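So the chains spell out like this:
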Amino acid sequence: MVNRRHFLQGVTGALGVIGLSQLELTRSATRYGQTLAQDTGRKVALLVGINEYPNNLSLLGPLTDVELQRQLLIHRFGFNDSDIHILLNQQASRRNIWGAFNEYLYEPARDGDVVILHFSGHGDRVRESDRMLDFLRQLDRRCIVAGECLNTAIATHPDNTPEQDIMGHTLLLMRAALAQKTSNITFLLDCCYAGGGKRGNAIMRSLNSSLADNDNLRQIPDSEWTYQRQLLDTLNWDQQQFVNAIQSPKGQGFFVGSARYNQLAADYQFNGFTAGAFTYLLTQHLWQSSEPLSKTISLVSNSSNHLAEHSQTPIYDPAPEADPTVTNTPIYHMEPVAQPAEALVLGPVPDKSEHDRVRLWLGGLDPWALEAFDQGATFALIDKTTGTELAEVQQVDGTRAGLVSEGRLSGAARAADATTQLLQEKVRGIPGQVTLKVGLDDTLLASEKVIADGKLANFTNIEVVPVTSGQTAHVLLGRYTPEIHQRLALNPETVPQQQTLDSVGIFSPAQVPLLAGSFGIAEEPMDQAMDRLSTRLVSLYIGRMLALMVFQQTSHLDVRLVVDHQGIRSGTTTRGGDPEAIIVPQTVGGLLQVVDGQRLKVTVNNNENQDLHVGVIVIDPAGEVNVLFPPAISDRNDIDIISGRGSWSTNLRGAAPFGTAELLVLVSPQSLVAALKKLRQNRPQFDRSLRAGESLANVEAMDNIFGVMSSRRDGTDAIKGTRLLEADQVAILSMFIEILP
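Now for a quick tour of the structure.

Conventions we followed
Residues numbered from 1 in each chain as written. Predicted model: local features only at pLDDT ≥ 70, side-chain atom pairs only at ≥ 80, totals over all residues. Heavy atoms only, no water. Axes fitted to C-alpha atoms, helices over the stretch in contact; angles between N-to-C directions. Helix = DSSP H or I, 4+ residues; strand = E, 2+ residues; numbered from the N terminus. Parallel < 35°, antiparallel > 145°, perpendicular 65-115°, else oblique. Left-handed = near helix turned anticlockwise from the far one by under 90°. Contact = heavy atoms within 4.5 Å. Nonpolar A, V, L, I, M, F, W, Y, C, P; charged D, E, K, R; others polar. Buried < 20%, exposed > 50% of the residue type's maximum accessible area, 1.4 Å probe, protein only. Phe/Tyr/Trp six-rings, centres within 6.5 Å; stacked < 30°, edge-to-face > 60°. Salt bridge = Lys/Arg side-chain N within 4 Å of Asp/Glu carboxyl O. Expected span 1.5 Å × (residues − 1). Pairing = 2+ DSSP bridges.

### With respect to the packing of helix α3 (residues 94–106) against helix α5 (residues 168–179)
Then, in step 1: At a minimum axis distance of 12 Å, the contact between α3 and α5 shows a crossing angle of 15°. Classified by the angle their axes make, α3 and α5 are roughly parallel. Here the hand of the crossing between α3 and α5 comes out right-handed. Between α3 and α5, the residues in contact are W98, F101, L105 and Y106 and T170, M174, A177 and L178, respectively.
Then, in step 2: For the contact of α3 with α5, the per-class residue count stands at 7 nonpolar, 1 polar and no charged.

### Remarks on the side chain of Q228
Then, in step 1: Looking at the element boundaries, Q228 is found in helix α6 (residues 222–235).
Then, in step 2: Since its relative accessible area comes to 2%, Q228 is described here as buried.
Then, in step 3: Beyond its immediate stretch of four places on either side in the chain, Q228 contacts M167, H169, T170, L173 and F242.

### Considering the packing of aromatic side chains
Then, in step 1: One pass over the full model with this rule turns up 14 aromatic pairs.
Then, in step 2: For the ring pair F101 and Y106, a centre distance of 6.5 Å and an interplane angle of 15° mean the geometry is stacked. For the pair shown, F101 and Y106 are each scored as buried.
Then, in step 3: An angle of 75° between the planes, with centres 5.0 Å apart, marks the rings of F507 and F519 as edge-to-face. Of the two residues, F507 is situated in strand β24 (residues 504–507) and F519 in the loop between β24 and α14 (526–547); the sequence distance between them amounts to 12 residues. The burial state of F507 is the same as that of F519; both residues are buried.

### Here's the deal with the pattern of salt bridges
Then, in step 1: Under the definition given, this model contains 20 salt bridges.
Then, in step 2: Here R42 and D113 are joined by a salt bridge, their closest N and O atoms 3.2 Å apart. With a gap of 71 residues between them, R42 in the loop between β1 (16–17) and β2 (43–49) and D113 in the loop between α3 and β4 (114–120) connect regions that are remote in the sequence.
Then, in step 3: Of the charged contacts in the structure, one is a salt bridge between E224 and R94, with a shortest N-O distance of 2.6 Å. In this pair, E224 is assigned in helix α6 and R94 in helix α3, connecting sequence segments 130 residues apart.
Then, in step 4: Three or more residues are tied together by salt bridges with common partners; here these are E67, R70 and D81.

### Focus on α5
Then, in step 1: The end-to-end C-alpha distance of α5 is 17 Å, a good match for the 16 Å that 12 residues give at a rise of 1.5 Å each.
Then, in step 2: Counting buried positions along α5 gives 11 out of 12 residues, so the element sits mostly inside the fold.

### Examining the sheet that holds strand β32 (residues 647–653)
Then, in step 1: A sheet is described by the order of its strands in space; here 4 strands give the open sequence β26-β25-β28-β32, paired in antiparallel fashion. A single partner strand is all that each edge strand has here, and the edge strands are β26 (568–573) and β32. The sheet shows a mean angle of 15° between the axes of neighbouring strands, taken without regard to direction.
Then, in step 2: Across 7 bridges, strand β28 (residues 599–606) lies against β32 in antiparallel orientation. Considered in β32, the bridge of V604 is made with W648.

### Digging into helix α9 (residues 293–301)
Then, in step 1: The buried count for α9 comes to 8 of 9 residues, which makes it a mostly enclosed element.
Then, in step 2: Every buried residue belonging to α9 is among L293, S294, T296, I297, S298, L299, V300 and S301, and all of these are buried.
Then, in step 3: Contacts from the buried residues of α9 go to β11 (254–257), α8 (277–288) and β14 (315–317).

In C-alpha cells form, the structure reads like this:
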C-alpha cells in the first residue's frame, strides 16, 4: 500500500480524510447575509480549468467545473463577476497561473479578504528538482520522507514548453504567502496523481498511468525552484522552516482535494454533460447548504455512492485535531448571501419574440435526478434575500442541454426583469419511460458482447450504450481482469471485497466492482452470467427509478430520519426540517457502521401537523430491494400513517451481504400500502433466475408508486405519461449504512 505521505509532501501535513457512501446531500437552513469574513474585505477568486492536453490526454469536464464555481460564487456567495478571474486551456500555462496569482490574489490581498483558487485538470507526480535535493542536503536529509524523493503537482497547459507542472511544495508556499495578508484562503484541486487514462466510461485526471511506476517520472526543472526561492524569501523562511511546514498537520488557510494521493479523480459523464465528479457534488451542495468545512466535506463525500464507485475520497486540511477552525468555519470562510436554489435565470432567450421566455442554468439540481427535468418541471422564481416567490417558471419541454434549459415565466413577469434571479424546485417530471443504461466493457470479448446485447434486448427498460468517454452509462458489464485487480489493490480500503479473476459481474462507470456477490466463477460462460445477473439488473433499474424521486434537498415537508446504533446517531432531514437534525457520525467513513448481528433503531419523525403516509425500503449491498414498512401482514390503507407530530420506529439487525446498504423513506399524503405491497411481491429475488415477464411486473410496481405520489398528471407542457411530483407534497429521504462482518 502506498504511504499517504506521498500526497502530504504535495500540499501540507496530515490531511483530514473523510470517507464516502451515504446519500446525505441535504438542504439545511442557512444564516443568510451573515459572514465570518470582515464585511469590508474583498471576495476574489482565480478559477483554472484545462480540457486540452497533448498526446490524447484531453479531458471533458474542467471547463464545466469552472462555470459551476463561477455561477455559485456570483449568485450564492455574492462575488462580483469582475473579481472572478478565469484561465482556460492555453491561457492556463504555468507562467500565466503564477502571474494571475500574483496580480489578482497576492498583491492586492488585505486582512479580511476572501481568496479562492480552484484548479481542475490533470494531476502529476514528479521527482524532486536537483535544487531541492541540494537544499535538503544542507539539512543532512536525502528526501523529505525517507526513500521517497517525489512530489505531487498540478499539470498546467504546456504552452509549447516542457515546464508544465506546479509542484505541491509551490502551492504550499503560495498559500503561506497569502496567509501573511489574510487567513480566509481556500485552495481546491480537482485532479489526481496516478492511474490516469480511460476507466470504463470515465477519464481519470492524472498524467501518470500507474502509481507503481516511479522510474519514469519526470524531474521538475530548476525554474520551479527559482519561484519557490522567491516565495521563501517573501516568507523569510530557512530550509528547516520549509521542511517543517511541509510536514506540519496544520496548513495555512484551507486546502480541499478531490481524492487521496493513491486514488482516482473522475471526469464523470452526468446526464448531458461532463464535469469533475467532486466539483459538481461540492458546488451543488453549497447551493443548498452551509456548514463548517469538516462537515461540508463529509456531507458531500456521503452525498452519493457514485464517488465511492470511483474509489474517490475527498481530503482537506488542516486536520481537525491540529486546528479546530475547520469544525466551525465554512469552506469559503463566509456564509452565503443568497437563499438556497436549484437554478437561476441567465436572461432572455436570444432570437425569441416572447417576452416571457428565459434561459435557465440548472447547476443546483441533484445530479442523479436531472432526467426528471426534461419535461413538466416547474420552478419558483424567488427573491434572493427573503425567498419570497415572485413568479412561476415552467420549463419548456425538450430544451435542456446539459445544465442549460429554457423556461416560460407566468403572469406579467418579463424575462429582462428576471435575469439573475434564483429558482427553487416546485415540480419535477418523472419520464414515462425510464431506462437503465448498461455499457458493455472492453474487458469482454466481441463475441461475449454479442451474447450480452442479445440477452439485454429482452429487457424493455434496459438500454445498451457505447462505452466511450462522454456517453452516460449507469453501470458496466465486464470481466474482472488482472489489470483491474492490480489497480484496485493500490487502494484496498475502498474496494473491500476481492473478486475472482476472469469472472463476469457489474462495475461502476469507472470500472469499480458493484454489488456484493455480483461476480461469479472464473471463465463463466457469458450466457450463464447474463442469466445469473438478470435479477440484479432489474433491481438496479428499480434503484434508478427511486433515485429520480429523492426529494431530500428540496422537499418542503418537515420529515426527519434518525438511526441509532450503540450510542452513535446518524440523522438527516428535508429542506423543511431543522438543520440541526443533520447528524454525521464521527466514524472514519462518516457513516454508521453496523457489525453482523448488531441491532439498530430506525425512527421517522413527522413534524407536520397533518398525518402522512410512510414507506421504508432497504436496498442491501447486493442490490436486493426489501420493503420494511408497511408490514406485509395487513392491507389496511391507514396502517402506514404517522400522525401529525408523531413518529414511527423499528429495530433492524445487521446481516450479510456485507457492504453499504441504502435506507429509503418515502413520505406522501396518499396511502403507499397497495403500491409497496405490489413492489414486495414482484421484487427481484437473487436466489433464482428471472421469470418470464417479471421485469414488466417490476416496472408496473414502480409505476404504482409514482402514481400514488404524483399529485398532478399531464400538465400544460408535460409529455404524455410524465409523473409530476410536487416538492411540497412528496419527501423521499436516503441514508447509507455500512454492514460489516
